[in-house]
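If you want the building blocks of each chain, they are given just below.
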Amino acid sequence: MGVRIAVIGAGVMGADHARILGRELPGAELAVVCDADPARAEAVAAGAGAVRAATDPLAVIADRTVDAVLIASPDATHVPLTLAALAEGKPVLCEKPLAPAAAECRKVIAAETARGRRLVQTGFMRRFDPAYGEMKAALDAGRIGPALIFHCFHRNVAAPDWFDGRMAITNSAPHEFDIARWLLGDEFAAISVFRPGMADGSRPGAPVQIVAETSAGRLVNIEINVNAAYGYDVRGELVGESGLLSLRDPARVEVNSALARSTGLAADWRPRFAEAYRLQDAAWLASIGTGQPAGASAWDGYAAARIAEAGVQALAGGGPVLIAMADRPALYSS
Ligand SMILES: NC(=O)c1ccc[n+]([C@@H]2O[C@H](COP(=O)([O-])OP(=O)(O)OC[C@H]3O[C@@H](n4cnc5c(N)ncnc54)[C@H](O)[C@@H]3O)[C@@H](O)[C@H]2O)c1
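Residues numbered from 1 in each chain as written. Predicted model: local features only at pLDDT ≥ 70, side-chain atom pairs only at ≥ 80, totals over all residues. Heavy atoms only, no water.

Points about the site of the ligand
Consideration 1: Taken together, the neighbourhood of the ligand is formed by 25 residues, with Met13, Asp35, Arg40, Asp75 and Tyr277 sitting nearest.
Consideration 2: Val12 places a polar main-chain atom, nitrogen or oxygen, 3.0 Å from an oxygen atom of the ligand.
Consideration 3: His175 has a polar side-chain atom sitting 3.2 Å from an oxygen atom of the ligand.
Consideration 4: Mapped by element, the contributors of at least two residues to the shell around the ligand are helix H1 (12-24) and helix H7 (165-184).
Consideration 5: Of the residues contributing to the shell around the ligand, the split by class is twelve nonpolar, eight polar and five charged. (Near = heavy atom within 4 Å. Polar contact = N/O pair within 3.5 Å; in protein donor to acceptor, adjacent residues only side chain to side chain. Helix = DSSP H or I, 4+ residues; strand = E, 2+ residues; numbered from the N terminus. Nonpolar A, V, L, I, M, F, W, Y, C, P; charged D, E, K, R; others polar.)

Okay, structure coming up:
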């Protein structure tokens, strides 16, 4: 019998995780798909081959036939559901952000530290993306010398009206904050946020431009544009003392026709990061078996939320805003 897993939240991401766990990872048994919407829970459970569907996440977490929990419900539910799983001593893979507020993340850190064992993985799946992995390997091998500037571009086709500049920083940018911390092995020290002066600042989805300074004096330059219109597009360029590392366009096929050359763009993040989600879920599953934590920790979730909070402050009042981190508990030292 495999590890019996419950997926909580069966929307865009939950359905994807349910498919991966139910259909693609032999060591997993998809025990439950739970969603507040019963019809969605049933449909995703049936599609992914789950044993059953459910609507009450707390009952699912307490269920003795569930060994581990993947949380893919909305951001505001992450901390209460993660705390419930920790109270049961069950491993959790929680979608990013661990919480929009750093103080909420610290509740998870306190509960996990009290248990004295790492049980929480934060769903920063880019750490498992083969392209970012190659970028880190090349940097660590000294191929471009010491890193100086990391340019990040995060563009979505369109966001809903309620997805404003604050959410661009608390919901989208944490991917960039985490991958920059992981790649560079460096912490964010200060953050400034700008918006193009000619853009309608009152328009919720206007782009934000983040410039952060790290403790070691590097620059991280992040464009978040959730209404880029033309396609889902994530880019990264790492400038070193003696070279440049660039993420390549992941398109596999180029169309040459009618005197033009083109490649496709995805409508959202799932095609671009399909392999990263699968590798992330596989690493989480393996970590349950081996007891060796994988991926981003609750501390990494806290760090991204703390940077995001400072970013929201910088958006409102100008910057740079200095980023003070709490003391890191020994549980997260490796
Ligand atoms: N890692 C990534 O690249 C990535 C990409 C997109 C979204 N996300 C994150 O994944 C999470 C889900 O995003 P989504 O786009 O799938 O959202 P979604 O709105 O498509 O799905 C959320 C689902 O959760 C259900 N739900 C709401 N409250 C619930 C509760 N208390 N218990 C059980 N189910 C509940 C809703 O009915 C809905 O079906 C968010 O936290 C988001 O930030 C991560």
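What follows picks up the thread again.
Remarks on the sheet that holds strand E5 (residues 92-95)
Consideration 1: Read from one edge of the open sheet, six strands run E3-E2-E1-E4-E5-E6, paired in parallel fashion. On the outer flanks of this sheet lie strand E3 (52-54) and strand E6 (120-123), each paired with one strand and no other. Pairs of neighbouring strands in the sheet enclose a mean axial angle of 25°, with direction left out of account.
Consideration 2: Direction of pairing for strand E4 (residues 68-71) relative to E5: parallel, over a ladder of three bridges. Looking across to E5, one finds that Val69 is bridged to Val92.
Consideration 3: Where helix H4 (residues 78-87) meets the sheet, its contacts fall on strand E1 (3-8), E4, E5 and E6, and the angle it forms with E5 comes to roughly 180°. (Pairing = 2+ DSSP bridges. Axes fitted to C-alpha atoms, helices over the stretch in contact; angles between N-to-C directions. Contact = heavy atoms within 4.5 Å.)

Overview of the packing of H1 against helix H9 (residues 274-290)
Consideration 1: Direction vectors running N to C along H1 and H9 enclose 60°, while the axes themselves pass 10 Å from each other. Considering the angle they form, H1 stands oblique to H9. Seen along the crossing, H1 lies across H9 with a hand that is right-handed. Taken together, the residues of H9 that come into contact with H1 (itself represented by Met13, Asp16, His17, Ile20, Leu21 and Glu24) are Tyr277, Arg278, Gln280 and Asp281. (Parallel < 35°, antiparallel > 145°, perpendicular 65-115°, else oblique. Left-handed = near helix turned anticlockwise from the far one by under 90°.)

Things to note about the pairing of strand E7 (residues 147-155)
Consideration 1: Pairing analysis gives eight bridges linking E7 to strand E11 (residues 233-240), with the strands arranged antiparallel. By the bridge assignment for E11, Phe150 is matched with Leu238.
Consideration 2: Of the strand pairs in this sheet, E7 and strand E10 (residues 219-225) are connected by seven bridges, and their pairing is parallel. Its bridge partner being in E10, Phe150 is matched across the sheet by Val220.

Quick look at the nonpolar core
The nonpolar side chains of soluble globular proteins are, as a tendency, buried together.
Consideration 1: With 66 residues, the main nonpolar core has Tyr132, Phe150, Phe177, Ile191, Ile210, Val220 and Leu238 as its most contacted residues.
Consideration 2: Counting residues per element, this core draws most heavily on H7, at eight residues.
Consideration 3: Setting aside anything within four residues of it in sequence, one finds Leu238 in contact with Met135, Leu139, Ile144, Ala147, Ile149, Phe150, Leu184, Gly243, Leu244 and Leu245.
Consideration 4: Counting residues in hydrophobic clusters, the runner-up holds 32 residues, among them Val32, Leu81, Cys105 and Ala305. (Core = buried A, V, L, I, M, F, W, Y, C linked by side-chain atoms within 4.5 Å. Buried < 20%, exposed > 50% of the residue type's maximum accessible area, 1.4 Å probe, protein only.)

A few points about the sheet that holds E7
Within a sheet, each strand pairs with its neighbour through backbone hydrogen bonds, oriented either parallel or antiparallel.
Consideration 1: Across the sheet, seven strands lie side by side as E12-E11-E7-E10-E9-E8-E15; this open sheet has mixed pairing. Only two strands of the sheet have a single neighbouring strand rather than two, namely strand E12 (244-246) and strand E15 (321-322).
Consideration 2: Contacting E7, E11 and E12, helix H6 (residues 130-140) runs over the sheet at an angle of about 0° to E11.
Consideration 3: The strands touched by helix H10 (residues 298-317) are strand E8 (188-194), strand E9 (208-214) and E15; relative to E8, the strand with the most contacts, the crossing angle is about 35°.

Let's talk about H10
Consideration 1: Over its 20 residues, H10 runs 29 Å from end to end, which matches the ideal 28 Å to within 8%, given 1.5 Å per residue.
Consideration 2: The buried fraction of H10 is high, at 15 of 20 residues.
Consideration 3: Gly318, located one to two residues past H10, shows a positive phi value of around 80°. (Expected span 1.5 Å × (residues − 1).)

A look at the layout of surface pockets
Where empty space is left in the structure can be found by rolling a water-sized probe over the atoms.
Consideration 1: In this structure, the largest pocket encloses a volume near 1000 Å³.
Consideration 2: Around the largest pocket, the lining comprises 43 residues; the ones closest to its centre are Met13, Asp75, Lys96, Asn171 and Trp269.
Consideration 3: At the level of secondary structure, the elements contributing two or more residues to the lining of the largest pocket comprise H1, H4 and H7.
Consideration 4: In terms of residue count, the dominant contributor to the lining of the largest pocket is H7 (four residues).
Consideration 5: Here the residues of the lining of the largest pocket are counted per class, giving 24 nonpolar, twelve polar and seven charged.
Consideration 6: Roughly 850 Å³ of volume is contained in the second largest pocket.
Consideration 7: As for the second largest pocket, its lining consists of 30 residues, and the residues nearest its centre are Arg248, Asp249, Pro250, Ala251 and Arg272.
Consideration 8: Contributing elements (two or more residues each) for the lining of the second largest pocket: H6, E11, E12, helix H8 (269-272) and H9.
Consideration 9: Each residue belonging to the lining of the second largest pocket can be placed in one class, and the counts come to 17 nonpolar, three polar and ten charged. (1 Å grid on protein atoms, 1.4 Å probe; cavity = no way out; pocket = protein on both sides within 12 Å on 5 of 7 lines; lining within 4 Å. Points joined across faces, edges and corners; volume = space filled by probe spheres on them.)

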